[in-house]
Amino acid sequence: MAGAAAAAAVASGISARPAAPRAPSSTRRARSVVRAAVSLERGEKAYTVQKSEEIFNAAKELMPGGVNSPVRAFKSVGGQPIIFDSVKGSRMWDVDGNEYIDYVGSWGPAIIGHADDKVNAALTETLKKGTSFGAPCVLENTLAEMVISAVPSIEMVRFVNSGTEACMGALRLVRAFTGREKILKFEGCYHGHADSFLVKAGSGVATLGLPDSPGVPKGATSETLTAPYNDAEAVKKLFEENKGEIAAVFLEPVVGNAGFIPPQPGFLNALREVTKQDGALLVFDEVMTGFRLAYGGAQEYFGITPDVTTLGKIIGGGLPVGAYGGRRDIMEMVAPAGPMYQAGTLSGNPLAMTAGIHTLKRLTEPGTYEYLEKITGDLVRGILDAGAKAGHEMCGGHISGMFGIFFTGGPVHNFADAKKSDTEKFGRFYRGLLEEGVYLAPSQFEAGFTSLAHTPQDIEKTVEAAAKVLKRI
């Protein structure tokens, strides 16, 4: 496929197919090893991860697998996990002094760039007053007003400390409000590590090759129904078979935990219609997409308003945070306004509220989302074009500052399609990009993120690095 055709295919998820036959795999692997070795010695300083290796080996004696979140262990991409020392803007520096252009963004929060000067200055002033009160503060009101004014579905909001906690609260809420126990989620969608959600959960579970998780009792998941993402007919069938029993449908409106998978036309509308007809609630998990696809999240972008929304990441500006919100009549079920209990020691703490407030202020500036759309589109088109020229079957897409690339011809519409990807090749691509100074999420099954701090030069350099790596793998 020519470069222009590959570019046109990006938004629709159509594949960028190889332009020429590939060399035998054994030859490619040998060539990759030789060229990778050479690349380590290029430039002013050889690429080394010796200090990362030493620190990680020590960490394995202290923490399970040496990490505090599984995907960081590089199990699906191989190679040495990187230990980072500092971040700023679009860049990260590891303990060995290597510099990387970052497309993880702390898994989404860093939409205005790492360690933003204005956010840091505001945090410094707040810090002088204390880190946590364990009592109400006015900053909670300020951020709540900003969230309610931005997100179409939210009339009231409860702040928590993580996306997992937000989804746990939302799960209990929808069951309390409807008086029903069953929920429906989609294969490959991840809603945190609460027991009821660890069914065909994608993301880190998929990265480690685990079907679900030991330690989750059968009773915790017996009321969890699953369907393929983008399959409206499967959803309708489940509602017919469980009429009047489903409390809510939970989904990532754009999947980010099985790679980047957007909804097909009409899919979200169908979910809205079937839930209304049955008296069930529709829950958008916008922990990733909230304030990223648009200021009002995926629900603003697609024009579909759910009943309940979960948020995280961006609304804390890089500090631990989460939130769930929705219609006033639903949210008034939450204690102390109502009988559904949920609490948190650090919820609404002044530091997280401050970082969130100043991050959202930046996102309201004119041209924010147009800029994210432009640079992310250039990035994805550039990588797919380079892949086609190098003879790889790849596909991918983006919306605003969220994107994904798959090593499969595609298109990818659900988790089953995503699992057709050549994960071994992705691992070689990933390790090659590290050597070239580019940091992606260490899994084929994770979305990537750009920020307002990424420059056109960052994008150009990244595409050039990807082209070099794609040629040698």
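What you are looking at is a predicted structure, and each value in this text was computed from that prediction instead of being measured.

With that settled, consider the sheet that holds strand E13 (residues 438-439). Taken together, 4 strands build an open sheet; the order of strands is E1-E2-E3-E13 and the sheet is mixed. Each of the sheet's edge strands pairs with one partner strand only, and the pair in question is strand E1 (84-88) and E13. Bridge count for E1 against strand E2 (residues 91-94) is 4 bridges, and the pairing is antiparallel. From the neighbouring strand, Phe84 faces E2, where its bridge partner is Asp94.

What follows concerns helix H10 (residues 267-278). Here H10 spans 17 Å end to end across 12 residues, near enough to the 16 Å set by a 1.5 Å rise per residue. Among all positions in H10, only Phe267, Leu268, Ala270, Leu271, Arg272, Val274, Thr275 and Asp278 are buried. In this structure, the buried residues of H10 make contact with strand E5 (182-186), helix H9 (232-241), strand E7 (246-251), strand E8 (281-285) and helix H11 (297-302). A positive phi of about 80 degrees marks Gly279, the residue just after H10.

Turning to the confidence of the model for the protein chain, a few remarks are in order. Overall, the predicted model of the protein chain reaches an average pLDDT of 90, with 88% of residues at or above 70. Residue range residues 205-211 is modelled with pLDDT below 50. Its contacts to residues more than four positions away, or to other chains, number 12 contacts.

This next bit is on the nonpolar core. In terms of nonpolar packing, the biggest core is built from 39 residues, with Tyr103, Phe429, Tyr430, Leu433, Leu434, Tyr439 and Leu470 touching the most fellow members. Counting residues per element, the ones that place at least two in this core are strand E3 (99-102), helix H14 (368-389), strand E12 (402-406), helix H16 (423-435), E13 and helix H17 (456-472). Counting residues in hydrophobic clusters, the runner-up holds 32 residues, among them Ala232, Val235, Leu238 and Val249.

This next bit is on the packing of H16 against H17. At a minimum axis distance of 9 Å, the contact between H16 and H17 shows a crossing angle of 135 degrees. Judged by the inter-axis angle, H16 sits oblique to H17. In the crossing of H16 with H17, the sense of the turn from one axis to the other is right-handed. Taken together, the residues of H17 that come into contact with H16 (itself represented by Arg428, Phe429, Gly432, Leu433 and Glu435) are Ala465, Ala466, Val469, Leu470 and Arg472. Residue composition of the contact of H16 with H17, by class: 6 nonpolar, 1 polar and 3 charged.

Tallied over the entire structure, the rule returns 17 aromatic pairs. Taking the centre distance of 5.2 Å and the plane angle of 65 degrees together, the rings of Tyr229 and Phe267 count as edge-to-face. Of this pair, Tyr229 sits in the loop between strand E6 (224-227) and H9 while Phe267 sits in helix H10, and the two are 38 residues apart along the sequence. Summarising the burial analysis for this pair, Tyr229 and Phe267 share the class buried. Summarising the aromatic geometry, the rings of Phe426 and Tyr430 are spaced 6.2 Å apart at their centres and angled 35 degrees between planes, so their arrangement reads as tilted. With Phe426 and Tyr430 both in helix H16 and 4 residues apart, the pair spans about one turn of that helix. For the pair Phe426 and Tyr430, a shared accessibility class is recorded, and that class is buried. Every member of this aromatic cluster is reached through a ring pair, and the members are Tyr47, Phe74, Phe84, Tyr100, Phe407, Phe426, Phe429, Tyr430 and Tyr439.

For the rest of this paragraph, the subject is the pattern of salt bridges. The final tally for this structure, using the stated rule, is 19 salt bridges. Residue Arg362 pairs with Glu365 through a salt bridge whose shortest N-O separation is 2.9 Å. Arg362 gets classed as partly exposed once you look at its relative accessible area, which sits at 29%. For Glu436, the salt bridge goes to Arg472, with nearest N and O atoms at 3.1 Å. Here the residue Glu436 occupies a position in the loop between H16 and E13, and Arg472 occupies one in helix H17, the gap between them amounting to 36 residues. Pair check on accessibility: Glu436 and Arg472 agree, each one buried.

Quick look at the sheet that holds E6 now. Ordered in space as E4-E10-E9-E8-E7-E5-E6, the 7 strands form an open sheet in which the pairing is mixed. This sheet does not close on itself; its edge strands, each paired only once, are strand E4 (156-160) and E6. Recorded for the sheet is a direction-independent mean angle of 20 degrees between the axes of neighbouring strands. Here 3 bridges tie E5 to E7, and the two strands are oriented parallel to one another. Bridge pairing in E7 links Lys182 to Ile246. Helix-sheet contacts for helix H6 (residues 163-178) involve E4, E5, E7, E8, strand E9 (308-312) and strand E10 (322-326), and the interaxial angle to E7 is about 155 degrees.

The rules we used
- Residues numbered from 1 in each chain as written.
- Predicted model: local features only at pLDDT ≥ 70, side-chain atom pairs only at ≥ 80, totals over all residues.
- Heavy atoms only, no water.
- Pairing = 2+ DSSP bridges.
- Helix = DSSP H or I, 4+ residues; strand = E, 2+ residues; numbered from the N terminus.
- Expected span 1.5 Å × (residues − 1).
- Buried < 20%, exposed > 50% of the residue type's maximum accessible area, 1.4 Å probe, protein only.
- Contact = heavy atoms within 4.5 Å.
- pLDDT = per-residue confidence, 0-100.
- Core = buried A, V, L, I, M, F, W, Y, C linked by side-chain atoms within 4.5 Å.
- Axes fitted to C-alpha atoms, helices over the stretch in contact; angles between N-to-C directions.
- Parallel < 35°, antiparallel > 145°, perpendicular 65-115°, else oblique.
- Left-handed = near helix turned anticlockwise from the far one by under 90°.
- Nonpolar A, V, L, I, M, F, W, Y, C, P; charged D, E, K, R; others polar.
- Phe/Tyr/Trp six-rings, centres within 6.5 Å; stacked < 30°, edge-to-face > 60°.
- Salt bridge = Lys/Arg side-chain N within 4 Å of Asp/Glu carboxyl O.

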